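Single-letter residue listing:
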Amino acid sequence: MKHKGMIALLFAAITLVAPATAVFAQSAAAATKEAANRIENLEVSQQGGSVYLKITLKDPLSSPPASFSVANPARIAFDFPGTSNGLGRTQQVVEQGDLRSANIVQVGDRTRLVLNMSKLAPFDTRVDGRDVIISLAPAGSDVAANTQVSQALANFAAPKRPDGAAETSSVRDINFRRGKDGEGRVVVQLSSPDTGIDIRQQGGNVVVEFLKTSLPEHLRRRSDVTDFATPVTSMTAQAQGDNVRLVVTPNGKWEHNAYQSDNQFVLEVRRVVEDPNKLVQGGRGQYSGEKLSLNFQNIDVRSVLQVIADFTNFNIITSDSVQGNLTLRLKDVPWDQALDIILQSKGLDMRKSGNVIWIAPSEELATREKLQLESKAQIGDLEPLQTESFQVNYHNAKEIFEFLKSKDQTVLSKRGSVVVDERSNRLFVTDVSTRLAAVAHLIKEIDTVPRQVMIEARVVEANKDFARELGVRLGYGDRKDKNLGDGAKIGFGSSEFGSLDPQSGAISTDPDAPISTIIRRVGESATSGSGFLPATPFGALNLTLFNRTLTRFLNLELAALESDGRGRVVSSPRILTANQVEATIKQGQEIPYVTPSSGTEPPTVSFKDAVLMLKVRPQITPDGRVQLKVEVSKDRADFSRSILGNPPIDKKSVTTEVMVENGGTVVIGGVFEEEESSNVDRVPLLGEIPYLGALFRTTTTTSARRELLVFITPRIVSDALTLK
């Protein structure tokens, strides 16, 4: 799975040579006239377990050809730029050692040699006059293979001194950085871009070996990088003989890739976020192309771009100003990331159209696009004007006119103009054809049938009143007047004693009045002026004691009253309005208020509303819900009270903005009010006596609860005028 993309690279390289021999023969014949060099012979021999290939060319090469390898399937490719295939064949069966066959493919003015291996083996390449000699060492165990690969890379990549001995490069600096996506980056500065590098995963570590390289003393250390909050916890750099070993220790689940640009080598380790919907975990952030491995030493940039074109099947057009060579070593890197690295290292940029990629320097692309825009602007200044009318059906044409006339608009050109006819709700626009098309698109987008919303509000007022009254009254009466002299009299139980005349109802002072009349009068005298019960109280008990002569009376009255009241008022206003249009509904009365006159001016009368009002502005969201801006108020005049003869107005209101499902109900407000009071009436001094004072006092307890709830239910009305 790791090298799945390699198959596509190799197939793009060899282009299925076997069944297309005649086609390639013709291509090679046509390209021979253009290529300066030519492959004339290919010989294969085996000595001591190693396989040697000798490729003879017409002219000698200045350096070994660039190469890259594919692990699965095992293949090694060599590129010969400016060289044609003069063998007359495109395939040669070998079957010696690990080498099965060789394919020779000519594309344009270059030729690629692909070695098909049974298993990947270390190789070495050198130039001997007109011959290029490739040696393939036998593949052994994993440890031996790693050692041989390292040695082969050292022999191949290490720079040579004039006497033929390999020069020792050095590591100049080792830094650690945190990427923008939380990945850990180990950046190594090398003294030479030709340093041999071997990368492998060993246990839970990533081991990077720099072959034939020295490490300064101050860089031989272990660095703890846990504080950078990346998958990497530490890295250790140390010298191992003639090599430098860098051990990077990550934690958790991670993946890595590495790339080199000139003297800078970068190892990147990023966290793997598991996705249960993916069979293979991992990724490279914004890069999603198939992975490839490239190993080029001082190769022409245009040739590297041609390799990527073969791998991706994209058509790449390269500007003539793209020049220069590049040393590049990439291992298991997505092809789109590899292309980005190449472009950034050479200051290039690209533009993609379909399956065609145009690559040129950034300044050249910017200049070209600027010239294109200036050319379009000049064409717009010279293009003839046209006039077109637009009928606006569901929108206000005056509002669109105001927008097109504003300074900030970008729909009309500087030569354009617009006129509105409010009577027919039409717009007349004069401009170039492209701008008229933009106006038509704008009107089409905003001139749509407005959706409507039916909004129902339920305002519930609940009242609960409770009162309890309990009292005892003790009275004494004496019918005999006490004469104080000079006509002054004193009595008990009443200011004047007498009886009620049964027919006239007048008070009689006749001492011989009937006993029933006298008892009735005494009972009424004890209750009629009590002040805490009605004239005929509910639950009142009266007891009167008198002597045989009916001249003295003792009256005891016990009264108890308890009342419980419940009430509920439900108001349900409904209103239908368009989307994003505020609507208001009111129901109630106007209360006149009289202002007293001042001086010679007569009284004035003004009116105030005491209404139930619903004000709402709905907005339908793209997912079918309704966002409401609601104001509900319920005002009521309290005629039980008055100020200067005018009743006060009790106000209850709720203002809010809520999100409601279509057809759902939400409680947007609740006002709860509770009032409790307790009142005690008693006879001074006597009512304060413990226990006995209960005969001379009355206790009244009152409790009132009021609650206001507002329920809102929006329903979107469909085009067929039915509720959804």
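What this report covers is the structure whose coordinates are included nearby. If you're wondering where the values come from, they're calculated on a predicted model, not measured in any experiment.

**Here's the deal with the layout of surface pockets**
Of the pockets and cavities examined, the second largest pocket occupies roughly 500 Å³. Contributing elements (two or more residues each) for the lining of the second largest pocket: β4 (75-80), β21 (291-300) and α4 (301-312). A per-class count over the lining of the second largest pocket returns 9 nonpolar, 9 polar and 5 charged.

**Observations regarding the sheet that holds strand β2 (residues 50-57)**
Overall, mixed pairing links the 5 strands, which are arranged β5-β1-β2-β10-β9 in an open sheet. Each of the sheet's edge strands pairs with one partner strand only, and the pair in question is β5 (83-85) and β9 (123-128). This sheet shows a mean twist of 30° between the axes of neighbouring strands, independent of strand direction.

**As for the nonpolar core**
Generally speaking, a soluble globular protein has its nonpolar side chains buried in company with each other. Core analysis: the biggest nonpolar cluster contains 34 residues, and F296, L328, L330, I342 and I359 have the highest contact counts within it. For this core, the secondary structure elements donating two or more residues are β3 (66-70), β21, α4, β23 (325-334), α5 (335-345) and β25 (356-361). With 7 residues, the top contributor of residues to this core is α4. Excluding anything up to four places from it in sequence, F296 contacts A66, S67, F68, D79, V304, V307, L326, T327 and L328. Core analysis: the next-biggest nonpolar cluster, separate from the first, contains 25 residues, L215, M235, L246 and L267 among them.

**Observations regarding the pattern of salt bridges**
All told, the structure shown has 26 salt bridges when counted by the stated rule. One salt bridge in this structure joins E456 and R715, with 3.7 Å as the shortest N-O distance. Placement of E456 in strand β29 (residues 452-485) and of R715 in strand β41 (residues 697-717) is noted, with a sequence separation of 259 residues between them. Classification of E456 as buried rests on a relative accessible area of 13%. Judged by relative accessible area, which is 28%, R715 ranks as partly exposed. In this structure, the salt-bridge partner of R625 is D623, at a minimum N-O distance of 3.2 Å. Judged by relative accessible area, which is 30%, R625 ranks as partly exposed.

**Digging into the pairing of strand β28 (residues 426-431)**
In β28, alternate side chains face the same way, and those of L427, V429 and D431 are buried while those of R426, F428 and T430 on the opposite face are not. A loop of 4 residues connects strand β27 (residues 417-421) with β28, the two strands running antiparallel in sequence, and N425 in this loop sits at a positive phi of about 55°.

**Observations regarding the packing of α4 against α5**
Relative orientation of the contacting elements α4 and α5 amounts to 165°, with a least axis distance of 11 Å. One element, α4, and the other, α5, form an angle in the roughly antiparallel class. Considering the relative orientation of α4 and α5, their crossing is left-handed. Taken together, the residues of α5 that come into contact with α4 (itself represented by V301, V304, L305, I308, F311 and T312) are W335, L339 and I342.

Calculation criteria
- Residues numbered from 1 in each chain as written.
- Predicted model: local features only at pLDDT ≥ 70, side-chain atom pairs only at ≥ 80, totals over all residues.
- Heavy atoms only, no water.
- 1 Å grid on protein atoms, 1.4 Å probe; cavity = no way out; pocket = protein on both sides within 12 Å on 5 of 7 lines; lining within 4 Å.
- Points joined across faces, edges and corners; volume = space filled by probe spheres on them.
- Helix = DSSP H or I, 4+ residues; strand = E, 2+ residues; numbered from the N terminus.
- Nonpolar A, V, L, I, M, F, W, Y, C, P; charged D, E, K, R; others polar.
- Pairing = 2+ DSSP bridges.
- Axes fitted to C-alpha atoms, helices over the stretch in contact; angles between N-to-C directions.
- Core = buried A, V, L, I, M, F, W, Y, C linked by side-chain atoms within 4.5 Å.
- Buried < 20%, exposed > 50% of the residue type's maximum accessible area, 1.4 Å probe, protein only.
- Contact = heavy atoms within 4.5 Å.
- Salt bridge = Lys/Arg side-chain N within 4 Å of Asp/Glu carboxyl O.
- Parallel < 35°, antiparallel > 145°, perpendicular 65-115°, else oblique.
- Left-handed = near helix turned anticlockwise from the far one by under 90°.

The analysis is restricted to geometry; functional conclusions fall outside its scope.
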